[in-house]
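Notes for the structure review
This is what each chain is made of:
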Amino acid sequence: MAGMRAGGTLLTGALLGIVMVAVVFGGEAAVSTTEFCTSCHSMSYPAEELKTSSHYGALGANPGCKDCHIPQGFKNFHLAVATHVVDGARELYLEFANDYSTLEKFNERRLIMAHDARMNLKKWDSNTCRECHKNPQPPGADAKAAHKKMETEGATCIDCHQNLVHKEVAETDLNASRKEGKMVLKPQKKDEDDEEDEDEG
C-alpha cells in the first residue's frame, strides 16, 4: 500500500513537472511574438520601422521583435526568460510612467531605449545577430580589420553595427558605457564637408 502511494506521488509530481515546463515554454513563446510586443502602443513605432529596413526580407526572412531582442534556442532559454522578466517588467512600468501617445514623445526617450537594447546585445555577444549572420566574411581590408576587433578587443557585432533597423540616434560606446556604468556616446564623426572646409581654411 505504501509503495502504491509513493508511486502515485511520484507520478503526480512528474505530471506536474511536465505541466509546469509546458506552461513556462508556452508562456515564453506567447510573450515573444511581435503581436504581443506591439500590444504596447509605443512598440508599434519601431515595428513599423523594421518593415521598411534592410533587415526585413533580407536572407529570405521577415524577422520579428524577438529575432533581434530575445535570445533564441534552448541554450539561451534562461536569457530569454530573464529578458522578459527584468526588461519586460521595466518596460511595462515605463509604458505607464511615460507618455508615448505620439511619435514625437516616443522619440524623446528613443536614445535611452536604443542604448538599453544595445547593451543587451553586447552582454549576449550579439548572439541574436549571429543566428542569421553565421560566420560573416566582410569584403575589403577595412571591414576585415574591423572584424578582427572581435578577437583582439572583445568587440561584438553591435559595437560597430548600430542604427541598422530603427530610426537613427546617436551611437553609444558600449565598452565605455559598461566601464562607467552609464551611457557614453561615441565621438561625433566630422562630415566630409566640414573636413573639406577645414582643409580649404
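For the structure, see preceding data.
What comes next concerns the included structure. (Residues numbered from 1 in each chain as written. Predicted model: local features only at pLDDT ≥ 70, side-chain atom pairs only at ≥ 80, totals over all residues. Heavy atoms only, no water.)

Focus on the layout of surface pockets
For clarity, the cut-off: A pocket here means an open set of points on a 1 Å grid, computed over the protein atoms alone, that has protein on both sides within 12 Å along at least five of seven lines. A cavity is instead a set of points where a 1.4 Å probe fits but cannot get out; residues with an atom within 4 Å of a point line either one. Grid points are joined across faces, edges and corners, and a volume is the space filled by probe spheres set on the points. Three classes are used: nonpolar for Ala, Val, Leu, Ile, Met, Phe, Trp, Tyr, Cys and Pro, charged for Asp, Glu, Lys and Arg, and polar for all others, with Gly counted as polar.
Its boundaries defined by the atoms lining it, the second largest pocket holds a volume of some 260 Å³. If you go around the second largest pocket, the residues you meet are Cys160, Asn163, Glu168, Val169, Ala170, Glu171, Leu185, Lys186, Pro187, Gln188 and Lys189. Looking at the lining of the second largest pocket residue by residue, the class counts come to five nonpolar, two polar and four charged.

So, helix H9 (residues 141-152)
Where we set the bar: Secondary structure elements are defined from DSSP: runs of H or I of at least 4 residues count as helices, runs of E of at least 2 residues count as strands, and each element is numbered from the N terminus. Expected helix span is computed as 1.5 Å times (number of residues minus one).
For H9, built from twelve residues, the straight-helix expectation of 16 Å at 1.5 Å per residue is met to within 8% by its first-to-last C-alpha distance of 16 Å. Backbone geometry just after H9 places Gly154 at a positive phi near 70°.

Some thoughts on a nonpolar patch on the surface
The cut-off we apply is this: Note on patches: the residues involved have over 30% relative accessible area and no salt bridge, like charges join within 9 Å, and the nonpolar side chains Val, Leu, Ile, Met, Phe, Trp and Tyr join within 5 Å. For accessible areas, the Shrake-Rupley method is used with a probe of radius 1.4 Å. Any residue's cover is judged against the shown protein chains and nothing else. Take a side-chain nitrogen of Lys or Arg and a carboxyl oxygen of Asp or Glu: if they are within 4 Å of each other, that pair is a salt bridge.
Together, Val21, Val24, Phe25 and Phe74 make up a nonpolar patch on the protein surface, roughly 400 Å² of accessible area in all. Take Phe25: it is sitting in helix H1 (residues 2-30).

Quick look at unusual backbone geometry
What counts is decided by this rule: For every residue, the accessible area obtained with a 1.4 Å probe (protein chains only) is divided by the maximum for its type, and the residue is called buried under 20%, exposed over 50%, and partly exposed between those limits.
With a phi angle near 55°, Asp125 is a residue other than glycine that sits in the positive phi range. With relative accessibility at 41%, the residue Asp125 sits in the partly exposed group. Positive phi, close to 50°, is recorded for Asn135, a residue that is not glycine. Positionally, Asn135 belongs in the loop between helix H8 (127-132) and H9. The class for Asn135 is exposed, based on a relative accessible area of 62%.

Topic: the side chain of Thr83
Our working definition: What qualifies as a polar contact is a pair of N or O atoms within 3.5 Å, subject to a donor-acceptor requirement within protein and to the restriction that residues adjacent in sequence count only when both atoms come from side chains. Note on contacts: a residue pair is in contact if any heavy atoms of the two residues lie within 4.5 Å.
Tracing the backbone through its elements, the reader meets Thr83 in helix H5 (residues 77-97). Looking at Thr83, the relative accessible area reads 10%, which means it is buried. From its side chain, Thr83 meets the backbone oxygen of Leu79 in a polar contact 2.6 Å long. Each residue touching Thr83, except ones within four places of it in the same chain, is listed here: His69, Ile70, Pro71, Gly88 and Trp124.

Details of helix H3 (residues 44-51)
Inspection of H3 places Tyr45, Pro46, Ala47, Glu49 and Leu50 among the buried residues, and these make up the whole buried set. The elements touched by buried residues of H3 are helix H6 (103-107) and helix H7 (110-123).

Here we look at the environment of Asn120
With respect to the helices and strands, the residue Asn120 is situated in helix H7. Residue Asn120 is classed as buried on the basis of its relative accessible area of 13%. Separated by 29 residues in sequence, Asn120 and Lys149 have C-alpha atoms that sit 19 Å apart.

A short note on the pattern of salt bridges
Enumeration according to the criterion identifies twelve salt bridges in this entry. Between Asp87 and Arg90 there is a salt bridge, with the nearest N and O atoms lying 3.6 Å from each other. Of this pair, Asp87 and Arg90 both sit in helix H5, three residues apart, roughly one helical turn. For Asp87, a relative accessible area of 14% gives the class buried. Residue classification places Arg90 among the partly exposed positions, given a relative accessible area of 33%.

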